[in-house]
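Chain by chain, the residues run as shown.
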Amino acid sequence: MAFAPPARSTVLEFYLNGEKVKVADPDPRQMLIEYLRDAKGLSGTKRSCLQGGCGACVVAVQEYDVATSRWLYRSVNSCLKPLVSCHGLSVTTVEGVGSERKCLHQVQKRIAENHGMQCGFCTPGMVMNTYALLRSGGKPTAEESMKNYDGNICRCTGYRNLVQASESFCKDASPEALALAERCGQHDADVCDKISSREHHSMEKMSESVTFAKDGFTWYAPLSLGEVLEFKKANPRAMYVLGDTAKGIRQAAYEVMNGRASHVISLRHVTELNVLTKSGAGLTIGGALTIQHIVEALERMQTEHSDLQWPSALAEAMKYVAQHHIRSEAGWAGNLLITIQRGFPSDLFPALLAADAEVSFVTTNAQDEKRIPIADFKPGAVPFNALLTKLHIPNLGSAFFKYYRVGQRKWLSHSFASAGFRVTVDGSKKITEARVSTGYWAATPSRSLQAEAALVGSTFDTATLQKAIAAVHSELEFAEERQFQTVDNPEGKDKYRRNLPDSYLFKFFQEAQSFYGIKSWPDEMGTLSALPLKAGNLQFQEVPGLENKPQCSANGLTTGSVRYTDDQPIPALFGYPVLSEASTGKLESLDVAEALKVEGVVDIITAVDIPGQNCAGFVPGEEPVFVEIGGSIMTSGQQLALVVADSYRTAKKAAGLVQVKITGANEGAIVTLDQAIEAGSFLQGAHFKDVVNKGDVDAGFKSSDLVFEGTTYVIGQHAFPLEKQTALAVPEEKKGMTVWHSTQGHDFTRAKLAGVLGVPGAFVVCKQSRAGGAFGPKNSRQVPVAAMAAVAAHKLEKAVKVAFEATLEQQAVGGRHGFKTKYKVGVTKEGKIQSCDIESWCNGGCTHDFTGFLTLEMGEAIPGVYNWPNMKINVHAMKTNLPSNTAVRSFGSPQGYFVCEAIIEEIAGRLEKPVEEIREMNMCGKENAVTPWGQPMEFYNVDSMWKKLKQDAKFQEREAACKAFNEQHRWRKRGISAVPLAYGHSYAYAAGTGALVNVHGSDGSVTVHHGGCEIGQGIHTKVAQVVAMSLGCPLDLVRVADTNTEVVPNARFTGGSITTEVVCESARQACKQLVETLRPHKEFLTKKDGKEPGWPELVAAANTLLGHQEKLSATGVFAPQGNQYATDLEGNALGKYHGDYFTYGAGISEVELDVLTGEIRALRSDILYDVGQSINPGIDLGQLEGAFVYGIGYYLYEEPLRDARGVERSQGVWAYKPPMAAEVPVEFNVELLRDNPFPKGVLGSKAIGEPPFMLAYSVLGAAKKAIASVRHQHGLSEHFQMPMPCTVDAIQKACGVEAKHFDCSV
Ligand SMILES: Cc1cc2nc3c(=O)[nH]c(=O)nc-3n(C[C@H](O)[C@H](O)[C@H](O)COP(=O)(O)OP(=O)(O)OC[C@H]3O[C@@H](n4cnc5c(N)ncnc54)[C@H](O)[C@@H]3O)c2cc1C
Ligand code: FES
Ligand code: FES
């Protein structure tokens, strides 16, 4: 039947930040984020993962909720929300909350004041998250406000400051949060919080159906079921949609229904589907209701019936569905459907299955409604055109219900396996009814009838438990999850997944026994909870001028007015890359015909369009911008072409239509280190023999009492900045190009682009205001991306922007290097190290990039704080067919640290001694603090810090408390671990990165340009502070300008933690010249007036019109002379060593381990750190905590997933899981060592961005101790190997958990 659209609305109307907007002929395929950013220029809402998995794009919406007859306020992911679904709504973006020019909202103010941001890219999403919570719920509790972080990732801050800012609005706020509230001023809850009426006067609930149609695509939002079915009859291929969030799963969709449907029927406003009724029989929930509706209905029921247990337990289960922004958009119906259609590992389905829920559906006739138990809702159970109309949750009466699940991390992580259990018992506690359901990836959740049969008629005893476990296994519908079967771990996590229900059943028995008063268990039941983060004890010292100040741009960041590359208000075309999916082969052809047909596509750029050299890497000829036809593929993710179109969405769609022909795809691909070692595939010139060669290792082994050998693996890590690789190229005269890009190596980009474009270097200008996180790969891996944009802009003579999303970034951009390390260590029988021989190999990927330098740093990181009388370290860089691995925060040190501590643990384990004893025994003291290569570790203080921290953190008492806890608890264990740190810094990295200070004579204000990049480390703020202090001018007169290669030339990279110091010193040198220039004027005015002049007066005197025209502009360049790279004119090295100085620290962490699942919760961390005299303690504390949490991610949660071909399988944020607030230590105490200026440092300071990363090893160390305690109980050796990744499955495996141990006898 021909398509007969109902009355067509042409104008979409909604409120945006208080103003009514009308969009004529809206495109039904468009997402809200695209409209906000690209049509309205509201760039505060950030584009990052585009999968609903990071929260950077969160906005608030209000609409009339038909089901509950009220105006609902909530937060949503604008990257998943279709623009047309906003008809009749009110949308608020960060720009609508408050403004830097007018007035900040208290949410913005408190985040800004509390150092709640670093790079600031997540900040608008964080603001909207808390703002929407207050608007929707009034005054939350601290726990609610903590849990409200389940949908927002921050890669920089470590979350505490953010969580505390939100907590400051809570009724049970901690004293620290209340102090913040007091500092920031009153928040008028009556005016600002909770809107339960309509937000805008003329907002009305939708009173008629709407249709939006464009280019053959239709969005139809009817009000009645009759209309729905009529439309469906006329358009059988039309698809139902509620939240349209399913498209975010495993991919960045960016188009309604992921572009799979031409006609879409929105169910949101259908009256018959907006039912929510409660009766004695239970709840009935209409097909247009969201998961949040169900949660709230169950919670209401619980409040009304406090004698019941199941409503809150079922609601709790649903709170693990995705995150709250999605739960308030997404429906139960879509969730159930994707579960049976796509094998999605739903949380909702198994929970509802255990609750005996039922679903109703219709097909063509509204009267012909059918109802089936959810247990029968399997693939093929309902016709393809079924519309799910109702969900029925029966009243489960006195039943006891529980749901369990474990994901890679606590929140926003699909479950490896989940299970729901329900029982009722009779008066003698015998089970009369039972339900057991399990859910897995790629398998429809199912009931275990045999397990249920095993339970019914039995009591909660060990025999019943074991019978039920065996029964679950006997009928498990289990499907492999291939995503985790990687080249490094071919077995994947299937064994863990398969056995998780055993643990769940045991947990359920424990909880049921406790519930029914059968047995009282210690507090080790259930799931580790996400406790609100405590403020912790922060100790630091301020000196005048170097105070704890919020970032200069803090207000701009919280209001979204700061512009990142993608936010520049320059009209531009969008580029989307075509990447190789093969790791090797020959590029035969690129067929672009279909892609070119897509309306809006402007051109497709390939290697033939490059005007200069096709080279984007460090080594000439090694890495092309685009692979040429006939050229070789080196890695998957390699750039083949760039589709340029008038929108991001169009470019992306068309890129998927380019046909790539590669012959010999993946043949001979070398992916792993073992393959590379076997093939002798070296990165020539980048591997180092004798990184360390001290004494005589063979003689050392001979004189040792014991010699141990081992091999360990450390994995890679994605840098995961929230702002992905982004570049905007704008053509200029004389074939020049201005390139805005997200970078920490802007001058390197400039030099490389000049070669690519074939123009002199001065004709390329690279700029950036700030990067939304960088963490290493934006030193070099930004070049290929910027080059694509520049070549396209050159060819088209128009501005072109390329912005990666998470999936692209992880495919194309390498990360931290993985290492394989063999070690041999000789010790005395007490454990004193005598000799050590280390051979290590790193996976460099397909090009050199920084790998040479990194192998050196990894090798030099291994010795750490210990004394190695004889030591040899060789590190080899291997070439593989992976994206080039590169700099990532701490550059080789985390890998070296892991190897070092693995050796120390080996010694401790073999000798059955506490690892801290071995650490202390081998730790350098002040008297012998010299590296194995002979460099004195100047101002060494690790030994004293170690003692102090152990004392301050009460290590011994707490160690004893952990022991006592472990003796009382079988299934929860605690561990506490202390680790030391010495971290070498090299100024070589950033040396020569200069500064230009311009004083404006008109009013004394100052503009500073410097060669560093603001990447969240607070460089602009610290430079401004140093300039203000050096000149003696007010801080608020100092402005730090954008990074720009045409203003400060020849800048080196921003990295290695030391750029801030280098640039502060450069600026200080410039200021010294200015002070000299001003000195005579100051002396004259002081003499004349009998008092020192004010700053503006002084500057005015030096700049009088036609009088004095002093040069109020000066440059400074800091070029350290102390390392081996600095040379005299003749090229003789001025220094002896690679590094310039060392930073020291110590860390102690305590964790609790859920033995049954392998999950851990960091309870407390204490850090003592030597940053010299901090330039800004607030910023430094933020850097420290951020680095620490980044380290927790590396050692415990993040796992890059590459398949046997080398292709990245984690699908953006879907299976790659940086820590969220729930992974952060509950209590975090930090002391920046006081009265401790570093004599050789810039203003007495030391670097901080990277070293604290390593102290996160204390969390892993504590987890290992907890594991050792379980192993002891299980009769296993307490000495065990645990190579990375130390994820939940590896931890549980190390615990030796077996169902046969599960004992719940009374
Ligand atoms: C990042 C992310 C993480 C997630 N994590 C989890 C998780 O951990 N656990 C979990 O359980 N879920 C998770 N989900 C799934 C999520 O909770 C939603 O259930 C899911 O996205 C679908 O809901 P929706 O209403 O948006 O469906 P839509 O996207 O609108 O539709 C999905 C499918 O259902 C069909 N459909 C929708 N409603 C009906 C209806 N009434 N009748 C017939 N067909 C219908 C549509 O045609 C479509 O095929 C996650 C989703 C995302 C994006
Ligand atoms: S959640 Fe929307 S961009 Fe990440
Ligand atoms: S400040 Fe949160 S991602 Fe950078």
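What counts, and at which threshold
- Residues numbered from 1 in each chain as written.
- Chains lettered and ligands numbered in written order.
- Predicted model: local features only at pLDDT ≥ 70, side-chain atom pairs only at ≥ 80, totals over all residues.
- Heavy atoms only, no water.
- Helix = DSSP H or I, 4+ residues; strand = E, 2+ residues; numbered from the N terminus.
- Contact = heavy atoms within 4.5 Å.
- Disulfide = S-S within 2.5 Å.
- Near = heavy atom within 4 Å.
- Polar contact = N/O pair within 3.5 Å; in protein donor to acceptor, adjacent residues only side chain to side chain.
- Areas by Shrake-Rupley, 256 points an atom, 1.4 Å probe, with all protein chains shown as cover.
- Nonpolar A, V, L, I, M, F, W, Y, C, P; charged D, E, K, R; others polar.
- Phe/Tyr/Trp six-rings, centres within 6.5 Å; stacked < 30°, edge-to-face > 60°.
- Buried < 20%, exposed > 50% of the residue type's maximum accessible area, 1.4 Å probe, protein only.
- Lys NZ or Arg CZ within 6 Å of the ring centre and 35° of its normal.

Caption draft 1: Here's a closer look at the environment of alanine 978. Inspection of the secondary structure puts alanine 978 in strand 35 (residues 972-985). Separated by 187 residues in the primary sequence, alanine 978 and serine 1165 place their C-alpha atoms 9.7 Å from one another. Setting aside chain neighbours within four positions, we find alanine 978 in contact with Glu916, Arg919, Trp946, Phe955, Gly1147 and Ile1148.

Caption draft 2: How the structure looks around the state of the cysteines. The tally for this structure, following the rule as stated, stands at zero disulfides. Counting only cysteine sulfurs, cysteine 846 is the nearest neighbor of cysteine 615, a cysteine outside any disulfide, at a range of 13 Å.

Caption draft 3: Structural view of the site of ligand 1. Surveying the vicinity of ligand 1 reveals 38 residues, the closest of which are Tyr240, Thr245, Gly331, Leu337 and Asp347. Take glycine 331: an N or O atom from its main chain is 2.6 Å from an oxygen atom of ligand 1. Separating an oxygen atom of ligand 1 from a side-chain N or O atom of asparagine 335 is a distance of 3.0 Å. Compared with its free state, where it exposes 960 Å², ligand 1 has 96% of that area covered by protein. Going through the elements one at a time, strand 8 (239-241), helix 13 (332-342) and strand 14 (387-394) are the ones with two or more residues in the shell around ligand 1. Among the elements that line the shell around ligand 1, the one with the most residues is helix 13, at six residues. Looking at the shell around ligand 1 residue by residue, the class counts come to 23 nonpolar, twelve polar and three charged.

Caption draft 4: Structural detail: the side chain of aspartate 347. Inspection of the secondary structure puts aspartate 347 in the loop between helix 13 and helix 14 (348-354). Within polar-contact distance, the side chain of aspartate 347 engages the side chain of tyrosine 403 at 2.5 Å. A polar side-chain atom of aspartate 347 sits 2.9 Å from a polar atom in the side chain of arginine 405. Ignoring any residue separated from it by four or fewer positions in sequence, one finds aspartate 347 in contact with Ala317, Tyr320, Val321, Tyr403, Arg405, Ser415 and Ser418.

Caption draft 5: Focus on the packing of aromatic side chains. A full pass over the atoms with the stated rule returns 56 aromatic pairs. Look at phenylalanine 1142 and tyrosine 1144: their rings are 6.4 Å apart centre to centre, the planes differ by 10°, and that puts the pair in the stacked class. Summarising the burial analysis for this pair, phenylalanine 1142 and tyrosine 1144 share the class buried. Between tyrosine 1190 and phenylalanine 1253, the ring centres sit 5.8 Å apart and the planes meet at 45°, which makes this aromatic pair tilted. On the criterion of sequence distance, the pair formed by tyrosine 1190 in helix 34 (residues 1177-1197) and phenylalanine 1253 in helix 35 (residues 1252-1255) is long-range, its members being 63 residues apart. Members of the aromatic cluster, connected to one another through ring pairs, are Phe400, Tyr404, Phe421, Phe460, Tyr504, Phe508, Phe509, Phe515 and Tyr516. A cation sits over an aromatic face here: lysine 519 above tryptophan 521, 4.1 Å from the ring centre. Over the aromatic face of tryptophan 1214 sits the side chain of lysine 1217, whose NZ or CZ is 6.0 Å from the ring centroid.

Such coordinate-based values are descriptive only and should not be taken to indicate function.
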